[in-house]
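Read off the chains here:
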Amino acid sequence: MSLRSGGRQLSFELLAGAGDLSADDADDISPRSLPDTTSDGQRRRRRRSKRKRGFRSPPIDEAASEGEQPRGEGSGDAAAAFRVTDLRSAVETVCESSEPERSAASCVTYVGVELRQRSVSRGERVLAASGEDEASSCGSSTRESAAAAAVAADVAAAAWRPEANGGVKKKLEKEESLDWEKYMKENSNILGEVERIDNSPFSYFLGELYGGNSLRSTIAVGNEKKRQRVYNTMFHVPWRCERLIVAGFFVCLDSFLSLLTIMPARIVVTIWRVLKTRKFRRPNAADLSDYGCFIVLALGVASLQMIDISLIYHVIRGQGTIKLYVVYNVLEIFDKLCQSFGEDVLQVLFNSAEGLSVCSTDNVTFELMRFLLDEAIAVVAFVVHSFVLLAQAITLSTCIIAHNNALLALLVSNNFAEIKSNVFKRVSKENLHNLVYYDIIERFHITAFLLFVLAQNILEAEGPWFDSFLINASLVFLCEVLIDAIKHSFLAKFNEIKPVAYSEFLEDLCKQILNDKPDDRQKDLTFIPLAPACVVIRVSTPVYATLLPAGPFIWRIFWILLWSVLTYFMLAIFKILVGLILRCLANWYVNLRLRRKQHVD
């Protein structure tokens, strides 16, 4: 601290002495008039010692190095003194100004003091090294601090000028609001330029060619999930759905053959046992159910035998194509309603049969009357359903025989109406399960209709008819397969149902075939073959009648019994083959699914 204060006092004394000198005295003691008493060796040693300390001092005169009078009287010190005098006057002027300017001036003074203190600190190191260099280093630091303070004072004064503040205020003023009409009057050619650029066909074509929107820019790029979704829609869902429908078709066929073979055999065995033992006992629930179904089938066939098919055929054929389409769709709707109602009716009938078989002696009359009432309801319901199926078969036969492309119009309108009514709806997995079962039953009904058409061609067709029948039947089946594939593919796509769901449906169907889940019947395929059997028997009896030879009544009875036995054995053999193949395939598929589940787990 003593060195710093001493150096600062020495610098101010030098500056004061330089300010008190006159111009003449300055000329008398100019550097040229001072004697040169310093030798070259001393100067070299002094410079070498300064380099070792790493400090470069400002150049000093020879007189100052010998301890003589300092160069404060020279021209360089006089100029520094004048600059410091100007700096003092500038600081006093700034201090007399406004409050912001005074703060700036204080900053300038602080900067000058700091610079000077740093310079004095450097001078302290020089004084510690050599006592002769103290005055020269203090003069040099005074000049540096004076110059820096002068520059800072100029910058602060320029920054806090009133006109500069006024300029900032002008910039912060709110601009005028944009008047669109005024702007358009001043720049009336802007829209013209834009329209001229946009209406240039060549420029527009080049812009679209090199930088316009392409199809890729309007559609997001897909990924593996999208690819799998496309493959599911095109391949996996149609294949698994058709596999399920084919398996369900043979399940329906097995149930149909059971109605024509197993049920009559059970009734014959029961009657034979009663005749053999000559003891009548109350039948069990299964026997009563068989009796009730046989009564429904017999009365249904008898009712259809009284209907004139040719009359209905000519009535339907006299209608136009659009009316055929309307009639077919109305009959199809009634077919689905009768299916649903017939299932409930049979459940009630079987419940009555079970109640009659286990009731006490006091309630036998009541249970018997309820059973007969339920049997009458079942007969009416299935006779109506049989008539609906027969009318639908006659309508399809009319479209096939017609030569005005009525079949094609019927298939297109009916199938695409089916797509429209099902595809764009939200369905759950359980509803999709039921929808597949409806398609299975519809496929079997179409097969029964084609058998009706075949029988009608055998009875009434003239000339070569088999080729045209095969073509029309193939067209009907292919359209049905295609429509089912499209319907289920897009149902699975829109409802995000994976193809494995159809494999699960097929597994449930296989367990139904194997009787693997007797307690859970909600997911079973419910097919009631009574109405289709009535239609097939009604259609096939005229064909068998043409095979009977002419002769006495007894002879005709013999041939009727013979053809009936042969037909029964053929159907029984077919039933055995279908049943065994279905059980083998169902067992194989269930084991396959079980192995896959174990492998996944």
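Residues numbered from 1 in each chain as written. Predicted model: local features only at pLDDT ≥ 70, side-chain atom pairs only at ≥ 80, totals over all residues. Heavy atoms only, no water.

Focus on the overall build of the protein
Tallying secondary structure elements over the protein gives 23 helices and zero strands in all. By the burial criterion, 35% of the 601 residues in the protein qualify as buried. Looking at the protein alone, contacts between residues at least 24 apart form 82% of all its contacts between residues at least 6 apart. A total of about 37,700 Å² of accessible surface is found on the protein, and carbon and sulfur atoms cover 62% of it. (Helix = DSSP H or I, 4+ residues; strand = E, 2+ residues; numbered from the N terminus. Buried < 20%, exposed > 50% of the residue type's maximum accessible area, 1.4 Å probe, protein only. Contact = heavy atoms within 4.5 Å. Areas by Shrake-Rupley, 256 points an atom, 1.4 Å probe, with all protein chains shown as cover.)

Looking at helix 21 (residues 500–513)
Taking 1.5 Å of rise per residue, 14 residues should cover 20 Å, and helix 21 covers 20 Å from first to last C-alpha, within 8% of that figure. Buried within helix 21 are the following residues: Ala-501, Tyr-502, Ser-503, Phe-505, Leu-506, Glu-507, Asp-508, Leu-509, Cys-510, Gln-512 and Ile-513. (Expected span 1.5 Å × (residues − 1).)

Topic: the confidence of the model for the protein
For the protein, per-residue confidence averages 75 on the pLDDT scale, and residues scoring 70 or more make up 65% of the total. Ranking the elements of the protein by mean pLDDT puts helix 4 (residues 62–65) last, at 39, and helix 14 (residues 285–305) first, at 93. In the model, residues 1–38 has pLDDT below 50 throughout and makes 38 contacts with residues more than four positions away in sequence or in other chains. A low-confidence stretch, residues 54–142 stays under pLDDT 50, and its non-local contacts, those more than four residues away or across chains, total 95 contacts. (pLDDT = per-residue confidence, 0-100.)

Digging into the pattern of salt bridges
For the structure on display, the rule yields 14 salt bridges. The shortest N-O distance in the salt bridge between Arg-266 and Asp-287 comes to 3.7 Å. Of this pair, Arg-266 sits in helix 13 (residues 224–277) while Asp-287 sits in helix 14, placing them 21 residues apart in sequence. Among the residues examined, Arg-266 registers a relative accessible area of 36% and is labelled partly exposed. For Asp-287, a relative accessible area of 11% translates into the label buried. Among the ionic contacts, a cluster of salt bridges with common partners joins Glu-242, Glu-418, Asp-439, Arg-443, Asp-484 and Lys-487. (Salt bridge = Lys/Arg side-chain N within 4 Å of Asp/Glu carboxyl O.)

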